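Close look at the chain arrangement
Given next are the chains, with one letter for each unit.
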Amino acid sequence: MAFLRSRERTKERFSLLLLDLEEYYFEQHTAYHVTTCSKKDRRVRGSLKVCSRSVIFDPDDHSEPILKIPLRDCKQIEFVEGESNPFNDPRSSALCITCVQVIYIKESNVISPYRNERGERRITFQLEVCSKTEDVVQTLLQLHRASCLDKLGDQTAMIAANLQSRLARTSFDKNCFQSVAEKPHMECVVEMVTPLVSNPGHVCVTDQNLYFQPLNGYPEQVIQIRLHKVRRIYKRRHGLRPLGLEVFCSENDFCSDIYLKFYNTADRDEIYYYIATFLENHLAEHTAESYMLQWQRGHLSNYQYLLHLNNLADRSCNDLSQYPVFPWVLEDYSSPKLDMTNPDTFRDLSKPVGALNKERLDRLLARYRGMPDPAFMYGSHYSSPGYVLFYLVRIAPEHQLCLQNGRYDHADRMFNSVGETWKNCLEGATDFKELIPEFYGDDPSFLENKLNLDLGRRQNGKSVGDVVLPPWASDSSDFLQKHRTALESQFVSEHLHEWIDLVFGFKQRGSEAVAAHNVFHPLTYEGGIDCDSIKDPDQRIAMLTQILEFGQTPKQLFNSPHPQRITPRFHNMSRSSSITSPVSELSTASQSEDSSFEDLTEESRRLVWANMGNIKVICSHKIHKECVTSVAVSRDGSSIFTTSQDSTLKMFSRELKDFQRSVSFSNMALSSCLMLADAKTVVCSSWDNNVYFYSVPFGRRQDTLMGHDDAVSQVCWFDERLYTASWDSTVKVWQCPADSSSAHRRSQFNLLSELEHDAGVNSISLSSAGTLLVSGCKDGTITIWDTSSYSPLQQVHCHSGTIHQVAFSPDSRHVLSVGEDCCMKVTDVQTGMVMSSVKAEEEQRCFCWDGSSVLGGGRSGDLLLWDLISNTITKRIPAHSGAVTAMWMNELCSSVITGGEDRQTIFWKICS
């Protein structure tokens, strides 16, 4: 558990959680608490801790309670030195505090609500002279004056000045370096952040380590992190300002190794970029879109994906105001058996918690419509420190005591039952909370009262103990296992993107949030208010405190609809059919295409792609005088056709290993070619604005289609329809006449549609079912078209220059595009979202891909094998002496043919 991490470093009974919120612990001194009983002094040895708002005495004897004296309740603080002290001991001094309240904590070493005793009394501590008692008293007097100021802003400013003065007088102790050879790079003042508390000190980064040295030496004199062990670092928004830095030394996205808050953004950024140079995968830093691609294609579980999104949205287990948020996914907490095949078992993930109950929502909307700006639907949030500790009180009792001034919540308001909590989230007037990651983890301790805490007694007379589980769970471990199974279920996998739209996506704010009934208080949103612009310090601190305690909406990660996960093995589980739209029809069409996902052909393709790095050259031939532009192969694989900028179409016999024919159609370059299904006709496009039909049996040009005003860049064919793309900014769709088997009728094509673009079209591609067309233009825009209506479904400007090639993935869910900006972009067909962007070292001119891996041809002439999931090059294969300009792969993905600027055509085989 994240909460237990901070306590692993120390065996002490004292904790920063004994302080008030936003209070600092400055220093400690060995002391004796002296009381007089029956004319005899009783002395208890311990540690006197000076804090910004209190004095705390922690006895060595754990049967004695910890004493906390709030400075605001002190009437007098004095110091008696040497022989005049009450102890008649010249070697010691007395610190005498007259106060009106003392707080007793951990009596008999039991974690329980604090006991407050009011009434004036005099408390005496004996300190050694060497402890600089006079300095201690001067510090206490200064802090006491601060605590007695009327304005909270003045109090905070005075305490902050004291803290900064202490930090300025000290520096990182370089004797703590692990090696004398270490070279320090940078040192600055920071605070280490843990749930509810911060600890000031100095951070120092060297060429080997990151160090944090607390000002007070708590919980350790120094914390060390080796740079070579750092796996990931995140910049964080802390207190609505870009000041946080979180460091992870494992791949676990739940618990970090340290969270630091800097006093200025420049220091944070310098240390961030310095540490980043030690990260092996820094250049392939993951984005929300790259994680989305991994999740959509099944490489990440729902749980892992949600953790990644929380991390990217500044959610951290060290910051309770931004704790990771997870959804309720079930709504059945009463049945004896959990039926995960029934959609009614699951919560509607398309709605926020506040909109799940229509009657309650109607009342909230009525209030919202009558509310002056800025209006909001929900006055409380779905995630806040109070909600997190509501769930975790059994393993983090001291955190709830800290948050609630030394008290637990009322027993009937505690987390008593999973079913009751869900019911209250549906019906409560102000309860809209979601869940936390622990509900989908493997540690059930937060559901069990293993510490035997006295959490109170409910109105029905029952004591608060373990959380009452649904009837379908045999114990807490079984509950977590079934809950995790529900999170990874088919229904949730198909609908999780709807919840992501609400929490991290485009329905988080604006008109889409209003339409989705997803509007919270404006203070919860990033950028909702600039606290630094508030001049009155009291108002500013009150506003910041409200924001931190109320909860914060995650940073928005997506500005367009989140794609659905690919679940090809199952039929969709839906509550009701959605309204028909081009995109929903597209989704249905692509799902029907997925029905062959698990067939033998697909399995063989996967195996081949897994061995794509073993691609070997079979032979190569130089039969053109200029750059090869396209490759086409007959269905039986016996004949290979290539076009070139030398304006010729050449036919090569694989059996004879020699070229057999050469045909010239014009004096301008041929840009592409394809073999029709009849295996008798080759179609070629030319820069002279024409499309040519070549009859293989007759060995001559059969006909010419003159349909464009500029060069024809590419042609595609599907179901007796010809698609021609041109630099005249159009794609034209031609219908072949019914008796088109006769070659001499090829010219009698009917123009079905003319698809207009804003720039010249350089590449087109059809989906495997022919229902979708994608076009890539010279201005860097891709457009996805519905071929039944010839209407655009998506238009995305994703490149900064000419697009060289576009192609659908085998399942038609994604489009890959490469351009002269050296970028490879994966775009989701259904939403138009760019899901992955890879910046290559060199321009990629052509490619083949399977949806996750890409075999690309680069300007250098090498073939590059890309893993789009990790955004890395897994292999570089020497190929041509000039740019690779054309590539063909057979249906089983076992053979590849490439053409290049070096005029060569190379034949490849993938070896298992």
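Each chain carries its own residue numbering, running from 1 in the written order of its sequence. The model is predicted, so local features are restricted to residues of pLDDT at least 70 and side-chain atom pairs to those at 80 or more, both for listing and for counting; the totals for chains, interfaces and linings are taken over all residues. By convention in this description, side-chain values take in all heavy atoms of the structure and omit both hydrogens and water.

1. A few points about a negative patch on the surface
Quick note on the threshold: Patches here: salt-bridge-free residues with over 30% relative accessible area, like charges joined within 9 Å, nonpolar side chains (Val, Leu, Ile, Met, Phe, Trp, Tyr) joined within 5 Å. Computed by Shrake-Rupley with a 1.4 Å probe, the accessible areas treat only the displayed protein chains as cover when residues are assessed. For this document, the term salt bridge refers to a Lys or Arg side-chain nitrogen within 4 Å of an Asp or Glu carboxyl oxygen. This count recognises Lys and Arg as positive and Asp and Glu as negative, with His and chain-terminal groups excluded. To locate a charge, take atom NZ for lysine, CZ for arginine, CG for aspartate or CD for glutamate. The helix and strand labels rest on DSSP assignments: H or I over at least four residues marks a helix, E over at least two residues marks a strand, and numbering proceeds from the N terminus.
On the surface, Asp709, Asp710, Glu754 and Glu756 cluster together to form a negatively charged patch. For Glu756, the position within the fold is in strand E27 (residues 750–756).

2. Concerning the pattern of salt bridges
Two side chains of opposite charge can pair, provided their charged atoms sit close to one another. Selection criterion: Burial status follows relative accessibility: with a 1.4 Å probe on protein chains alone, a residue under 20% of its type maximum counts as buried, one over 50% as exposed, and anything between as partly exposed.
Applying the stated criterion to the full structure yields 34 salt bridges. Arg237 is paired through a salt bridge with Asp314; the nearest N and O atoms lie 3.9 Å apart. With Arg237 in strand E12 (residues 232–238) and Asp314 in the loop between helix H6 (302–312) and helix H7 (358–369), this residue pair connects regions lying 77 residues apart in the sequence. What makes Arg237 buried here is its relative accessible area of 5%. Exposure remark for Asp314: the relative accessible area of 4% places this residue in the buried category.

3. Topic: the packing of aromatic side chains
Just so we agree on the cut-off: The pairing test for Phe, Tyr and Trp rings, Trp by its six-membered ring, is centres within 6.5 Å, and the orientation test on the planes gives stacked under 30 degrees, edge-to-face over 60, and tilted for anything in between.
Within this structure, the stated rule accounts for 35 aromatic pairs. When the centroid spacing of 5.6 Å and the interplanar angle of 85° are considered together, the rings of Tyr234 and Phe248 count as edge-to-face. Here the residue Tyr234 occupies a position in strand E12, and Phe248 occupies one in strand E13 (residues 241–248), the gap between them amounting to 14 residues. Exposure class is identical for Tyr234 and Phe248. Each is buried. Look at Tyr378 and Phe432: their rings are 4.9 Å apart centre to centre, the planes differ by 50°, and that puts the pair in the tilted class. Taken together, the residues Tyr378 in the loop between H7 and helix H8 (385–392) and Phe432 in the loop between helix H10 (418–427) and helix H11 (476–487) connect sequence positions 54 residues apart. Under the relative-accessibility criterion, Phe432 is labelled buried at 2%.

4. Quick look at the packing of H6 against helix H12 (residues 490–503)
Basically, it comes down to this: Only the stretch in contact is used when a helix axis is fitted, and all axes are lines through C-alpha atoms; the angle between N-to-C directions ranges over 0 to 180 degrees. By the definition adopted for this analysis, an angle is roughly parallel if under 35 degrees, roughly antiparallel if over 145, roughly perpendicular if from 65 to 115, and oblique otherwise. In this scheme the handedness of a crossing depends on how the near helix is turned from the far one: anticlockwise by less than a right angle means left-handed, clockwise means right-handed. Throughout, a contact is declared for two residues whenever any of their heavy atoms are within 4.5 Å. For this classification, the nonpolar set comprises Ala, Val, Leu, Ile, Met, Phe, Trp, Tyr, Cys and Pro, the charged set comprises Asp, Glu, Lys and Arg, and every other residue, Gly included, is treated as polar.
Where H6 contacts H12, the two axes come as close as 11 Å, and the packing angle between them is 15°. As far as their axial angle goes, H12 and H6 are roughly parallel. Handedness of the crossing formed by H6 with H12: right-handed. Contacts between H6 and H12 pair Asn302, Tyr305, Leu306 and Leu309 from the former with Val492, Ser493, Leu496, Trp499 and Ile500 from the latter. Split into classes, the residues belonging to the contact of H6 with H12 amount to 7 nonpolar, 2 polar and no charged.

The quantities given are spatial measurements derived from coordinates; they are silent on function.
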